[in-house]
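# Observations on the three-dimensional arrangement
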Amino acid sequence: MAVFTPVTLDDLSQWIKQFPLGKALALKGIASGIENSNFFLTTERGEYVLTIFENLSFEQLPFYVQLMRHLAERGIPVPAPVANDAGELVVALHGKPAAIVSKLDGSSQMDPQPVHCAEVGTILAKMHLAGRDFPLQQPNLRGLDWWVETVPKVLPFLDAETAALLQSELAFQREFAAGPTYAELERGPVHADLFRNNVMFVGERLSGCFDFYFAGWDTWLFDLAVTVNDWCIDLDTGRLDEARVVALTRAYHAVRQFTAADHAAWLPMLRAAALRFWLSRLYDYHRPREAEMLTPHDPTHFERVLRERIARGAPNLTA
Ligand SMILES: Nc1ncnc2c1ncn2[C@@H]1O[C@H](COP(=O)(O)OP(=O)(O)O)[C@@H](O)[C@H]1O
Ligand SMILES: N[C@@H](CCOP(=O)(O)O)C(=O)O
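Residues numbered from 1 in each chain as written. Chains lettered and ligands numbered in written order. Predicted model: local features only at pLDDT ≥ 70, side-chain atom pairs only at ≥ 80, totals over all residues.

As recorded by an unreviewed UniProt entry, the protein carries the name Homoserine kinase and is attributed to Massilia cellulosiltytica. Note on the protein: under the UniProt heading Pathway (unreviewed entry), the record states "Amino-acid biosynthesis; L-threonine biosynthesis; L-threonine from L-aspartate: step 4/5." UniProt, in its Sequence similarities (unreviewed entry) section for the protein, records the words "Belongs to the pseudomonas-type ThrB family." (UniProt positions renumbered as here; feature names shortened; annotations may be inferred.)

The following block contains the structure:
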């Protein structure tokens, strides 16, 4: 992540006392990511990640941190939030909400092979099932309502042909979301941003997934589509790689079987997932926020992905 809110070790010397972590020994801003301010934090008790939330409010945050705790308690390898002496998981730092979570082992696999995709498919399905009894509800804040609100804000920056594509895809998604197939899809708390850079591997074994701050209540299939659109494509063309799609979706299906509605909605959801990230990248690109170390993501990548899905479709869910 970029650093929007700078923090020094000095700033932490008093603040850290409310956590059972001893003294803060080292703090290092993390350059990757685009949403929050993140730091690797070394304390007398070990290695952690400190996040200052730039957009999410104190009211919205319990959903994310409680979801991480819920999943961790059910054996899903996700960062565990650390509570302060009052039992709070989110506390103010420089006037903004902040949390400390455990640091995961491993590193990102940015050149995934079918074996890695299978690991991701398995963990995603397990996460969906483990979320079934999660008691809190919060919508996906980057879902259809946000698309409807945001498309007009980016249209002035686009040429006529690109603007027409954005508008027609939004119209297609609104119609699909109002129909019977979409209504039948199973739903629950989903990660909604399980990209390569949000999963850790030690060798070929998945050691954890993180960055739950786009999570929300949505269809499980949308979450799968977001994941496939990143893990199973050629990054230059946006084209799906069948071997990786099959590995990921088969592994998912082995844990949570696809329904008839899933099969029918697969291509529309791949398109929805492409639209979601095209739009957020357009918005971030044309309306950037002030930040140190911020590298905006390229919106044209997901425009290509969307054009690919429309033109070429996708392999069936379980080939
Ligand atoms: N719990 C964690 N354990 C290990 N590394 C982490 C953890 N959380 C974040 N990171 C590191 O910080 C980077 C940025 O975090 P991320 O959550 O993607 O930022 P953002 O909130 O901006 O999306 C990640 O790419 C990863 O290297
Ligand atoms: N994955 C999204 C945006 C969020 O970035 P992250 O670094 O927080 O995962 C994208 O690629 O646009």
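Once you've had a look at it, read on.
Looking at the assigned domains, one finds that the protein contains domain 1 (9-102) and domain 2 (114-312). Computed from C-alpha coordinates alone, the two centres of domain 1 and domain 2 are separated by 26 Å. Looking at which element gives the most residues to the side of domain 1 that touches domain 2, the answer is helix α2 (residues 61-73), with eight residues. When the residues that make up the side of domain 1 that touches domain 2 are grouped by side-chain class, the tally is 13 nonpolar, six polar and two charged. (Domains from an automatic or database assignment. Helix = DSSP H or I, 4+ residues; strand = E, 2+ residues; numbered from the N terminus. Nonpolar A, V, L, I, M, F, W, Y, C, P; charged D, E, K, R; others polar.)

Taken as a whole, the protein shows an average pLDDT of 94; of its residues, 96% reach a score of 70 or greater. Reported confidence for the predicted complex is 0.91 by ipTM and 0.92 by pTM. (pLDDT = per-residue confidence, 0-100.)

What follows covers unusual backbone geometry. In this structure, alanine 192 takes a positive phi of about 75 degrees despite not being glycine. Residue position: alanine 192 is located in the loop between β6 (187-190) and β7 (199-202). With 23 C-beta atoms counted inside 10 Å, the residue alanine 192 sits in the buried group. At aspartate 211, a residue that is not glycine, the phi angle is positive and equals roughly 65 degrees. Mapped onto the elements, aspartate 211 comes out in the loop between β8 (205-209) and β9 (216-219). (Buried ≥ 20, exposed ≤ 12 C-beta atoms within 10 Å, placed from the backbone.)

Hydrogen bonds between backbone atoms are what pair the strands of a sheet, whose relative direction is either parallel or antiparallel. Here five strands make up an open sheet; going across it, the order is β1-β2-β3-β5-β4 and the pairing antiparallel. Either end of the sheet is taken by a strand with one partner, and the two such strands are β1 (24-29) and β4 (91-93). Strand-to-strand twist across the sheet, computed as the mean angle between neighbouring axes with direction ignored, equals 35 degrees. Direction of pairing for strand β3 (residues 46-52) relative to strand β5 (residues 96-102): antiparallel, over a ladder of five bridges. Bridging across to β5, isoleucine 52 finds its partner in alanine 98. (Pairing = 2+ DSSP bridges. Axes fitted to C-alpha atoms, helices over the stretch in contact; angles between N-to-C directions.)

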